[in-house]
Amino acid sequence: MHSASPRSSRARTSTRTTTRLELKDVRRSLTRTRRKRRRQQVLSVLVTAVLLVSLVGGVLYLTGHDRNGRDAVRTASGAGVRTQQTMLLQIRGKDGGATASALMADDSTRKQASVVLVPNQVVAQVPGRGVQAFGTVVGHPDGPALSRSTLADLLGVRVDTSWVFDQRAFARLVDSLGGITVDVDVDITGNGKGSGVLVPRGPAQQLNGTRALAMISYRAPGEDELTSLPRFRRVLTGVLAKLPSGSDALSLLAGKLGKGSEISTQSQVTGVLDGVRADSAVGRTTYQVMPVLAVDGTGQAGYRIEAGGVNRMVNQILANSRLPGRFDRGDRVLILDQVGAPGLGRQVRDKIVAAGFVYVDARNEKPLGRKQSAIVVFDATPKTRLAAGRLAAALGLPDAPVQVSARAQNIADVIVFLGSDFRP
C-alpha cells in the first residue's frame, strides 16, 4: 500500500476547511434569509393592519364624518346610533365679532333639548390662528366654519351646523315673527350719554328687533358678560317660541333676512330648531352657561373653561355628540406647519379630528419650505407606529417618514411637521 503524499493530505485538509467555511456561509445566509422573511412577515402584518384601519376609517369618513368631526353612524363610545344634532347660533356685532353665541342640541329619540350659552370672552385654541377670544373667531374669513371647529375642540363635542346673523338680519328676524314677549330685569338704555330707556323693566315686555338687540348687548354698570347672558337666554327663548316649523317655512323666513343671515346646512338647522322648539313647549329644554373661570392677571376681562364642569356638562347633555378619541391616550396631535399657507392649520385639523385624533394646535414653524412631511412619535411600540400610520393615511401622506424621538414632552403624543406634499 502506498501512503498518501503530504501534498494530497494538504489538499484534503484544505477541502474540508473550505467546506466548513462554505457551510458556515450557508448557515449565515439561511439565518439572514429567515430573519429577513420574519421581518417581511411582521411588516406585512403591520401594513395589512394599517390598511384595514385606514379602510375602516375611510368608510366611516365617507358615510358619516365631516370636517367638524361629525359621525352620523355611531357615538364616540360606539354605544349605538347617534340621535343628537347640534347647532351653533351666533349674532355678529358691528366689528364682525360675536355679541351672542349659543350651542343648541336636540335628541330626536329622547325628546330632550339643550341650549348652552357660550361666553364670547372665553379663550380658545383657534385652528391655525392661535389662542383668541371665542367671539372674535366668527369675524375671520370662513368664520362660521372656523367657529364650529373651535367650539368643537373647546368642548370636545361635534358641532354639526350653524346659523349666523349680523345685527340687521337678527332684527329683521324678530320683526318678521311679529316681535317677541320677554321679561326684562333692568331698564335697558342706549349706548350714548343721555340716552333714554329703550326697554323698561317689567314682565312680558314686547320687543321688536331693535329692542331685542339692545337687550342682548346691554350691560348695567359693574356687570360682566356672565351676568348679562340670562338676557340673551330670554330673547332666544322668545324667538324659539315663535319660529315656524319645517324646512320650507324656515327657507322662506331666511329668504326675508338677506345676506346677513348665513345658514350652513338648512336641513340640520331645521331639525335642531324644530326639536328645541317642540321640547321647549313642554318644558324639556335645559339652558346652561358654559362652565368657565375668570382669567386673572391679564388686565382684561376674559374666561377659561372650567374643565371639570365642562366634562360634567357634556356627560349630562351632550354625551351623544362627544368627539371620538377625546380621552384616548396617544391621540393628541400638534401640527408644525413648515409651508406657511393661510388656513392650512384648520384644514389639517378637520382631517385629523374626523379620523378620531385630538387636535392640540397648529402653528408655523421655521424654517419654511419643507417638501416632505414627517411624523414624530415618542416611543417605538407597534401601537404607536400603527397610530402614526393611521394619522398619515388621514392626512393623505402615506409616504411620510415616521421618526421616533427620545425627547419626551407633554404637549402632544404625535407631532406632524407639515411639508408641501400635503394636499388639503
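Heads up: the structure comes first, above all this text.
Every value quoted in this text rests on a predicted model; they were computed, and no experiment measured them.

Chemist: Please explain the overall build of the protein chain as it appears in this structure.
Modeler: Scanning the protein chain from N- to C-terminus turns up ten helices and 19 strands. Across the 424 residues in the protein chain, those meeting the buried criterion constitute 43%. Within the protein chain, contacts between residues at least 6 apart in sequence are counted, and of these 69% link residues at least 24 apart. Taken as a whole, the protein chain presents about 21800 Å² of accessible surface, with 54% of it coming from carbon and sulfur.

Chemist: Whenever I open this one, the pairing of strand 5 (residues 130-133) confuses me. Can you help?
Modeler: On any regular strand, side chains alternate: one points to one face of the sheet, the next to the other face. Relative to strand 5, strand 4 (residues 123-126) is paired through four bridges, and the arrangement is antiparallel. Within the sheet, the bridge partner assigned to Val123 lies in strand 5 and is Ala133. Hairpin remark: strand 4 followed by strand 5, antiparallel, with three residues in the connecting loop; positive phi at Gly128, about 80 degrees.

Chemist: Would you explain the sheet that holds strand 6 (residues 161-165) in this entry?
Modeler: The strands making up a sheet are joined through hydrogen bonds of the backbone, oriented either antiparallel or parallel. Spatial ordering of the open sheet is given by 11-6-1-2-3-12, a layout of six strands whose pairing is mixed. Single-partner strands in this sheet number two, and they are strand 11 (261-263) and strand 12 (285-289). The average undirected angle you get between the axes of adjacent strands in this sheet is 15 degrees. As defined by bridge partners, strand 3 (residues 112-117) adjoins strand 12 across five bridges and the pair is classed as parallel. Looking at strand 12, one finds that Leu117 is bridged to Val289. Sheet contacts for helix 3 (residues 167-176): strand 1 (84-92), strand 2 (98-107), strand 6 and strand 11; angle to strand 6, the most-contacted strand, approximately 95 degrees.

Chemist: Just checking my understanding: could you explain the packing of helix 3 against helix 6 (residues 247-257) for this structure?
Modeler: Describing two packed helices takes the angle between their axes plus the distance from one axis to the other. The N-to-C vectors of helix 3 and helix 6 enclose an angle of 130 degrees; their axes lie 9 Å apart at closest approach. Comparing the axis directions of helix 3 and helix 6 gives the class oblique. Every pair of crossing elements has a handedness; the one defined by helix 3 and helix 6 is right-handed. Along its contact with helix 3, which presents Ala169, Arg172, Leu173 and Ser176, the element helix 6 presents Leu253, Lys256 and Leu257. Of the residues belonging to the contact of helix 3 with helix 6, the class tally is four nonpolar, one polar and two charged.

Chemist: Would you explain the nonpolar core in this entry?
Modeler: In summary, soluble globular proteins display a tendency toward joint burial of nonpolar side chains. Core analysis: the largest hydrophobic core is formed by 45 residues, its most contacted members being Met104, Phe170, Leu173, Phe232, Val235, Val239 and Leu273. Of all the elements, helix 5 (residues 225-242) adds the most residues to this core, at six residues. Beyond its immediate stretch of four places on either side in the chain, Leu273 contacts Met87, Met104, Trp163, Leu240, Leu243 and Leu250. Val157, Val333, Leu344 and Phe422 belong to the second largest nonpolar core, which has 44 residues in total.

Chemist: I would appreciate a short explanation of the side chain of Gln84 in the present structure.
Modeler: Tracing the backbone through its elements, the reader meets Gln84 in strand 1. Judged by its relative accessible area of 5%, Gln84 falls in the buried class. A polar contact of 2.9 Å, which involves the side chain of Gln84, links it to the backbone oxygen of Ile317. One polar contact links Gln84 to Ser321, side chain to side chain, over a distance of 2.7 Å. Apart from residues no more than four positions distant in its own chain, Gln84 is found in contact with Ala105, Asp106, Asp107, Asp160, Ile317, Leu318, Asn320 and Ser321.

Chemist: Looking at this model, I keep getting lost on helix 10 (residues 382-394). Mind explaining?
Modeler: An α-helical segment advances 3.6 residues per turn. Residues three or four places apart therefore align on the same side. Between its first and last C-alpha, helix 10 extends 18 Å over 13 residues, near the 18 Å set by a 1.5 Å rise per residue. Taken together, the buried positions of helix 10 are occupied by Thr384, Ala387, Ala388, Gly389, Leu391 and Ala392.

Chemist: Would you take a moment to explain the packing of helix 6 against helix 7 (residues 266-281) for this structure?
Modeler: Across the interface, helix 6 lies against helix 7 with an axial gap of 10 Å and an inter-helix angle of 110 degrees. In terms of orientation, helix 6 and helix 7 fall into the roughly perpendicular class. Here helix 6 contributes Ser247, Leu250 and Ser251 to the contact with helix 7, which in turn contributes Gln266, Val269, Thr270 and Leu273. Class assignment for the residues of the contact of helix 6 with helix 7 results in three nonpolar, four polar and no charged.

Chemist: Hey, could you run me through the packing of aromatic side chains in this one?
Modeler: The geometry of an aromatic ring pair is captured by the separation of the ring centres together with the interplanar angle, meaning the angle of the planes. Per the counting criterion, the structure on display carries two aromatic pairs. With centroids separated by 4.6 Å and ring planes inclined at 35 degrees, the aromatic side chains of Trp163 and Phe165 adopt a geometry described as tilted. Of the two residues, Trp163 and Phe165, both sit in the buried class. Considering the side-chain rings of Phe165 and Phe170, the 5.6 Å spacing of their centres and the 80 degrees angle between planes classify their relative orientation as edge-to-face. Per residue, the accessibility class of Phe165 equals that of Phe170, and both read buried. Members of the aromatic cluster, each reached through a chain of ring pairs, are Trp163, Phe165 and Phe170.

Cut-offs and rules
- Residues numbered from 1 in each chain as written.
- Predicted model: local features only at pLDDT ≥ 70, side-chain atom pairs only at ≥ 80, totals over all residues.
- Heavy atoms only, no water.
- Helix = DSSP H or I, 4+ residues; strand = E, 2+ residues; numbered from the N terminus.
- Buried < 20%, exposed > 50% of the residue type's maximum accessible area, 1.4 Å probe, protein only.
- Contact = heavy atoms within 4.5 Å.
- Areas by Shrake-Rupley, 256 points an atom, 1.4 Å probe, with all protein chains shown as cover.
- Pairing = 2+ DSSP bridges.
- Axes fitted to C-alpha atoms, helices over the stretch in contact; angles between N-to-C directions.
- Parallel < 35°, antiparallel > 145°, perpendicular 65-115°, else oblique.
- Left-handed = near helix turned anticlockwise from the far one by under 90°.
- Nonpolar A, V, L, I, M, F, W, Y, C, P; charged D, E, K, R; others polar.
- Core = buried A, V, L, I, M, F, W, Y, C linked by side-chain atoms within 4.5 Å.
- Polar contact = N/O pair within 3.5 Å; in protein donor to acceptor, adjacent residues only side chain to side chain.
- Expected span 1.5 Å × (residues − 1).
- Phe/Tyr/Trp six-rings, centres within 6.5 Å; stacked < 30°, edge-to-face > 60°.

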